[in-house]
Protein chains: 2
Amino acid sequence: MRHTISVLMENKFGVLTRVAGLFSGRGYNIDSLNVAPTNDPTASRMTIVTHGNEATLEQIVKQLNKLPDVLKVQNFSEGEYVDRELVLVKVTVDSKARAEVMQITDIFRAKIVDVQPKSLTIEITGNESKVEKFIGLMDNFGILELTRTGKAAMPRK
Amino acid sequence: MRHTISVLMENKFGVLTRVAGLFSGRGYNIDSLNVAPTNDPTASRMTIVTHGNEATLEQIVKQLNKLPDVLKVQNFSEGEYVDRELVLVKVTVDSKARAEVMQITDIFRAKIVDVQPKSLTIEITGNESKVEKFIGLMDNFGILELTRTGKAAMPRK
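Being a predicted model, the structure only gives us computed values, none of them experimental. (Residues numbered from 1 in each chain as written. Chains lettered and ligands numbered in written order. Predicted model: local features only at pLDDT ≥ 70, side-chain atom pairs only at ≥ 80, totals over all residues. Heavy atoms only, no water.)

Novice: Let's hear about the overall build of chain A: which residues, and what values?
Specialist: In terms of helices and strands, chain A carries four helices and nine strands. Overall, chain A is about 55 × 35 × 30 Å in size when its C-alpha atoms are taken along their principal axes. Evaluated residue by residue, chain A yields a buried proportion of 57% over its 157 residues. In chain A, 73% of the contacts between residues at least 6 apart in sequence involve partners at least 24 apart. For chain A, the exposed area adds up to about 7100 Å²; of that, 50% sits on carbon and sulfur atoms. (Helix = DSSP H or I, 4+ residues; strand = E, 2+ residues; numbered from the N terminus. Buried < 20%, exposed > 50% of the residue type's maximum accessible area, 1.4 Å probe, protein only. Contact = heavy atoms within 4.5 Å. Areas by Shrake-Rupley, 256 points an atom, 1.4 Å probe, with all protein chains shown as cover.)

Okay, structure coming up:
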C-alpha cells in the first residue's frame, strides 16, 4: 500500500539525513521525497511517498515523532489531502512531431518552457494519474530527460 | 553562492541517505531537495539546491561521483538549465479577501485547487522569484500552511 507522509521539522542541518536513515535503516524504500522551507524560514516541510508494510510504517512514524527536530508528522489517508507534482520532460521532436506534442501539451494544460532545434521541454503539474498519462504519451515521441519533484501534499482542513 | 545540483542515480534503497549524509557530514546545509523516479524506473533523479563555499562543494561533487549507485552528477551554472518549482499555499480568507486572492491568483496564472469556508489552497509553479513574489503577496492575507517541492532542474541542451 502507498503512503503519503508530511513532516514539519526545524530547518536544521542533518535532519534530512536522520529522517532518510530511519526509512533505509528499516529497509523501507522511499518512492519520492521533497523538502523545502515553509513560510517560516526556521521550519521545513518534507513530503515522502513510500509503500510497504503498514506495521513497519507505524513504527517509522513513531520514531519520526521522537526525533528532536521534528515538529509534526502527518500520515495522510486518501481524500484528506490535496497533492500535486511537477514534472519537467524533454521530448525529442522533428517539425511534424513538434505540432503533435504542442497539441497534447495544450490538452493537458501543460506549458512549453524551452525550445531547442530538436527538442521541447514541457512543464506539467497535476496529480499522479494525470502526470503519468502525459508521460506515457510523450514516451511515444522519445523522452530525452525527465525530472519529477515527487508529490507535495497539504491537508484540506 | 547558491548551487543547483542534479544527481542521476540507481533507484536503490539507501542512496538518498548516503547522498544526504555527504552534505551534512561536511556541514553543508541543503536548502531544498527532491527526488523521484525518471522515465526509466530503475533510475531516480535528485535536484539539490544548496549554498556555501565553492571549494567544499567541489569536494562533495567529487565524492558524489564516487558513490557506487550514482550514475551522473551535474553542477549547473546560471542560464544552462530550466528550473521550476511547485508550491501549495493555503490562505485564510473571508468573502472580501477571497475575491482579492482570486484576482492575484489569476494574474500569476496560479490555480485554486481547494476551497474551504475560510480558506483557499492555491497551486503556483514558476521560477524562484515568481513563486516568492506570490508567497509575499499571500502573506498579507495570512498563510495557514505552505508546502514547496524545491526546484526541479533540467539542462537546456
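Moving on from the model shown.
Novice: Tell me about the relation of the copies chain A and chain B, residues and numbers included.
Specialist: For these two chains of identical sequence, chain A goes onto chain B by a turn of 180° and a shift of 0.0 Å along the axis, with RMSD 0.0 Å. Such a turn and shift between the copies fits a two-fold axis. It is Asn34(A) whose C-alpha, among those of chain A, lies nearest the rotation axis, at 2.0 Å. Both copies share a contact surface, since 100% of the interface residues of chain A are interface residues in chain B too. (Least-squares fit on C-alpha atoms with pLDDT ≥ 70 in both.)

Novice: Could you give an account of the pattern of salt bridges, naming the residues involved and the relevant values?
Specialist: Applying the stated criterion across every chain yields a total of 27 salt bridges over all chains. Among the ionic pairs, Arg84(B) bridges to Glu123(A), the shortest N-O distance being 3.0 Å. With Arg84(B) in strand S5 (residues 81-92) and Glu123(A) in strand S7 (residues 119-126), this residue pair bridges two chains. The same class applies to Arg84(B) as to Glu123(A), namely buried. The residue Arg148(B) makes a salt bridge to Glu85(B) at a minimum N-O spacing of 2.7 Å. Here Arg148(B), found in strand S8 (residues 143-148), pairs with Glu85(B), found in strand S5; they are 63 residues apart in sequence, far enough to count as distant. The residues Arg148(B) and Glu85(B) share a single accessibility class, namely buried. (Salt bridge = Lys/Arg side-chain N within 4 Å of Asp/Glu carboxyl O.)

Novice: How would you sum up helix H1 (residues 15-25) of chain A? Please name residues and give values.
Specialist: Within H1(A), eight of the 11 residues are buried, which leaves the element mostly enclosed by the surrounding structure. Considered for burial, the residues of H1(A) that qualify are Val15(A), Leu16(A), Thr17(A), Val19(A), Ala20(A), Leu22(A), Phe23(A) and Ser24(A). Taken together, the buried residues of H1(A) touch strand S1 (2-10), strand S2 (30-37), strand S3 (43-51) and helix H2 (54-66) of chain A together with helix H1 (15-25) and strand S2 (30-37) of chain B.

Novice: Residues and numbers for the pairing of strand S1 (residues 2-10) of chain B, please.
Specialist: Residue and element names in this part refer to chain B. In terms of burial, S1 is largely enclosed, as seven of its nine residues are buried. Both S1 and strand S3 (residues 43-51) contribute to a ladder of nine bridges, which runs antiparallel. Its bridge partner being in S3, Thr4 is matched across the sheet by Val49. (Pairing = 2+ DSSP bridges.)

Novice: Explain helix H2 (residues 54-66) of chain B to me, using residue names and the numbers behind them.
Specialist: All names here are of chain B. Across its 13 residues, H2 extends 19 Å between first and last C-alpha, which sits within 8% of the 18 Å expected from 1.5 Å per residue. Within the span of H2, buried status applies to Leu57, Ile60, Val61 and Leu64. In an axial view of H2, the angular spread of the buried residues amounts to 100°, which keeps them on one side of the axis. Facing away from the buried side of H2 by more than 90 degrees, the exposed set consists of Glu58 and Lys66. For H2, the elements touching its buried residues are S1, H1, S3 and strand S4 (70-76). At the N-terminal end of H2, a side-chain oxygen is found 2.9 Å from the backbone nitrogen of Ala55, two or three residues along, and the residue is Asn53. (Expected span 1.5 Å × (residues − 1). Arc of directions from axis to C-beta. Polar contact = N/O pair within 3.5 Å; in protein donor to acceptor, adjacent residues only side chain to side chain.)

Novice: I'd like a rundown of the interface of chain A and chain B, residues and numbers included.
Specialist: Taken together, the contact between chain A and chain B spans 54 residues of the former and 54 residues of the latter. Sorting the residues of chain A by area buried against chain B places Phe13(A), Asn39(A) and Met154(A) first, and these three jointly supply 13% of that buried surface. Where chain A meets chain B, there are six salt bridges. When the shortest N-O distance is used, the salt bridge between Glu145(B) and Arg45(A) registers 3.3 Å. At the boundary of chain A with chain B, the tally comes to 22 residue pairs in polar contact (both at pLDDT 80 or more). With eight residues, S2(A) is the single largest residue contributor to the side of chain A that touches chain B. Of the residues assigned to the side of chain A that touches chain B, the class counts are 20 nonpolar, 19 polar and 15 charged. Two elements, S2(A) and S2(B), share three bridges in a ladder whose sense is antiparallel. Residue pairing across strands places Val35(A) opposite Leu33(B), the latter belonging to S2(B). (Buried area = accessible area lost by both parts, 1.4 Å probe. Nonpolar A, V, L, I, M, F, W, Y, C, P; charged D, E, K, R; others polar.)

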